[in-house]
Amino acid sequence: TNPANWAGLYAVDYPSASTEIAIIDNSLSPTFWPTINTGTSVSLYQLTVNSGISLTMAPASSLNVYDNVNFSGGSTSFSPTSTFGYASSSSVQNIQSLTYGNLSISGTAAKILPATLTVTGDYSVSGSSPVIGTNTFIYAGAASQRIAVANYYNLSITGDRGGGTITMGNPPTPGVIDIANSFVV
């Protein structure tokens, strides 16, 4: 993957406005597989990643999308310290069934969780709580991880944290972690 692929020849030309739409496909030759570099923050109105394409988020990078997100067969490689944000305040957002580093849910519009969702970093919710349905939320960190104060249908905590801790809730503020069906550690 080459970071310059995001915006042609210049890696500093990432989309940066919540009004921009990015459709990443393999119709160009050679195939462009965008990487969001370490420390880079990208904002988009809509994001589509088509089949045969990979989107990579490096450590401490962030991507916030304010409307539709669609991964139709494309793959991802998200660093555990990268942050993918669903941030709509106007349109319902369907959270994609991916493995995220940090996952941020914000804005007042409804967010619908997929059947299975995996987070290797932290999960945060500000604004409207997502619709949980009958999904399985998997925390699969390889280091210390915080289990967010939220509602879950099925909650699973997996992975060897190498001596790292699992923190339940948002210390020092107390909160309730509500699990409607099953809890697996």
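Details of the structure are given in the entry above.
Residues numbered from 1 in each chain as written. Predicted model: local features only at pLDDT ≥ 70, side-chain atom pairs only at ≥ 80, totals over all residues. Heavy atoms only, no water.

Engineer: Go over the environment of Ile 166, please, and point to the residues and values.
Structural biologist: With respect to the element layout, Ile 166 can be found in strand β19 (residues 166–168). Judged by its relative accessible area of 38%, Ile 166 is partly exposed. Considering only alpha carbons, one finds Ile 166 and Gln 145, 21 residues apart in sequence, at a separation of 5.1 Å. Beyond its immediate sequence surroundings of up to four residues, Ile 166 is in contact with Gln 145, Ile 147, Ile 157 and Arg 161. (Helix = DSSP H or I, 4+ residues; strand = E, 2+ residues; numbered from the N terminus. Buried < 20%, exposed > 50% of the residue type's maximum accessible area, 1.4 Å probe, protein only. Contact = heavy atoms within 4.5 Å.)

Engineer: Before we move on, could you go through the pairing of strand β14 (residues 116–119) and cite the residues and values that matter?
Structural biologist: Of the pairings in the sheet, the one linking strand β11 (residues 99–100) to β14 comprises 2 bridges and is parallel in character. Along β14, the bridge assignment pairs Tyr 100 with Val 119. Direction of pairing for β14 relative to strand β16 (residues 136–139): parallel, over a ladder of 4 bridges. Residue Thr 116 lies in a different strand from β16, and its bridge partner there is Thr 136. (Pairing = 2+ DSSP bridges.)

Engineer: Which residues make up the packing of aromatic side chains, and what values do they have?
Structural biologist: A complete count under the given rule lists 9 aromatic pairs for this structure. Aromatic side chains Tyr 86 and Tyr 100 sit 6.2 Å apart centroid to centroid with 75° between the ring planes, which places their arrangement in the edge-to-face category. In this pair, Tyr 86 is assigned in strand β9 (residues 83–86) and Tyr 100 in strand β11, connecting sequence segments 14 residues apart. Residue classification places Tyr 100 among the buried positions, given a relative accessible area of 0%. Every member of this aromatic cluster is reached through a ring pair, and the members are Phe 78, Phe 84, Tyr 86 and Tyr 100. (Phe/Tyr/Trp six-rings, centres within 6.5 Å; stacked < 30°, edge-to-face > 60°.)

Geometry only, nothing functional implied.
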